[in-house]
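The residues making up each chain are set out below.
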Amino acid sequence: MSCINRRDFGLLVLRVGTGAVLAAHGSQKLGGWFGGGGIQGTTAAMEAMGFHPPKHSALAAGLGEAGGGLLLALGLATPAAGAAAAGTMAGAVAVHAPAGFFAMGGGYEYPAFLGFTAAAIGVTGAGRYSLDHATGHVLDRPWVVALAFAGSALAAAAVVGRRAKDQAATRSEPEGEGA
């Protein structure tokens, strides 16, 4: 009789907990579950936060959180799931950064924690108690890790950079001009 491997069991607990939080948060954006605004409310929020195009941004954020979270919880395509969730959280960090670090003051503490945790799971792998393990790690290869995190970093940098550029342009417009 084999014993439960503590490290793999710890990864299971961390994956399921983090994945469930992300999936629930994303389902608020996509489907309006758990008191969320759904895609319409999220689109309006994205526009107010300066993300363009707002509906595409709402879909990307919802899918990055809900899809990445679900895949993390299952331990399937773990590098891509961790990268997607981490990239999505980078956008949330950018929104909350002006309020400082601590969540109590509206800061980026919470999305940063979720992003770092998702990234760590994506880099580490899902462990033995996962669908990745059951499928022979076909979606958990070193090249997948590199490609997923490079793609996520580039996408996050482009989205956050565009938002920052748009906000700077809006701030530099004289009173009475602009939309």
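For the structure given in this document, a descriptive report is provided here. For clarity, every value in this text was computed on a predicted model and none was experimentally measured. (Residues numbered from 1 in each chain as written. Predicted model: local features only at pLDDT ≥ 70, side-chain atom pairs only at ≥ 80, totals over all residues. Heavy atoms only, no water.)

1. Comments concerning the nonpolar core
And step 1. By size, the foremost hydrophobic cluster in this structure holds eight residues: L22, L72, A81, A85, M89, L114, A118 and I121.
And step 2. Elements represented by at least two residues in this core include exactly α4 (78–96) and α5 (109–124).
And step 3. Discounting residues that sit within four places of it in the chain, L72 has contacts with R15, G19, L22, T78, A81, G82, A85, A118 and I121. (Core = buried A, V, L, I, M, F, W, Y, C linked by side-chain atoms within 4.5 Å. Buried < 20%, exposed > 50% of the residue type's maximum accessible area, 1.4 Å probe, protein only. Helix = DSSP H or I, 4+ residues; strand = E, 2+ residues; numbered from the N terminus. Contact = heavy atoms within 4.5 Å.)

2. What about the packing of aromatic side chains?
The geometry of two aromatic rings is summed up by the distance between their centres and the angle between their planes.
And step 1. Going through the model one piece at a time under the given rule, you end up with three aromatic pairs.
And step 2. Chaining the aromatic ring pairs together yields one cluster made of F101, F102 and Y108.
And step 3. Across the ring face of F51, the terminal group of R163 is positioned such that the distance to the ring centre comes to 5.1 Å. (Phe/Tyr/Trp six-rings, centres within 6.5 Å; stacked < 30°, edge-to-face > 60°. Lys NZ or Arg CZ within 6 Å of the ring centre and 35° of its normal.)

3. Describing the side chain of S130
And step 1. On the secondary structure map, S130 appears in the loop between α5 and α6 (131–134).
And step 2. Engagement of the side chain of S130 in a polar contact is seen with the backbone nitrogen of H133, the distance being 3.1 Å.
And step 3. For S130, the contacting residues outside a window of four places in its chain are R15, L74 and G75. (Polar contact = N/O pair within 3.5 Å; in protein donor to acceptor, adjacent residues only side chain to side chain.)

4. What about the packing of helix α3 (residues 54–74) against α4?
And step 1. Here α3 crosses α4 at 145°, and the two axes come no closer than 8 Å. Judged by the sense of rotation from one axis to the other, the crossing of α3 with α4 is left-handed. Packed against α3, whose contacting residues are A60, A61, G64, E65, G68, L71 and L72, the element α4 presents T78, A81, G82, A84, A85, T88 and M89 at the interface.
And step 2. Its residues placed into classes, the contact of α3 with α4 shows eight nonpolar, five polar and one charged. (Axes fitted to C-alpha atoms, helices over the stretch in contact; angles between N-to-C directions. Left-handed = near helix turned anticlockwise from the far one by under 90°. Nonpolar A, V, L, I, M, F, W, Y, C, P; charged D, E, K, R; others polar.)

5. Focus: helix α1 (residues 6–31)
And step 1. With 26 residues, α1 extends 36 Å from end C-alpha to end C-alpha; this agrees with the ideal 38 Å at 1.5 Å per step.
And step 2. Residues D8, L11, R15, T18, G19, L22, G26, S27 and K29 constitute the buried set of α1.
And step 3. One side-chain oxygen of the residue at the start of α1 lies 3.0 Å from the amide nitrogen of R7, identifying that residue as N5.
And step 4. In the segment just after α1, G32 is the residue with positive phi, at about 75°. (Expected span 1.5 Å × (residues − 1).)

6. Focus: the environment of Q28
And step 1. With respect to the helices and strands, Q28 occurs in helix α1.
And step 2. Between the C-alpha atoms of Q28 and G41, which are 13 residues apart in sequence, the distance is 9.6 Å.
And step 3. Other than its neighbours up to four places away in sequence, Q28 contacts W33, F34, G36, G37, G38 and T42.

7. As for unusual backbone geometry
And step 1. Residue H52 is joined to P53 through a cis peptide bond whose omega torsion reads -5°.
And step 2. Relative to the helices and strands, P53 is located in the loop between α2 (38–48) and α3.
And step 3. Of note in the backbone geometry, F34 takes a positive phi value of approximately 55° without being a glycine.
And step 4. Following the sequence through the fold, F34 ends up in the loop between α1 and α2.
And step 5. Positive phi, normally seen in glycine, also occurs at H137, with a value near 60°.
And step 6. For H137, a relative accessible area of 23% puts it in the partly exposed group.

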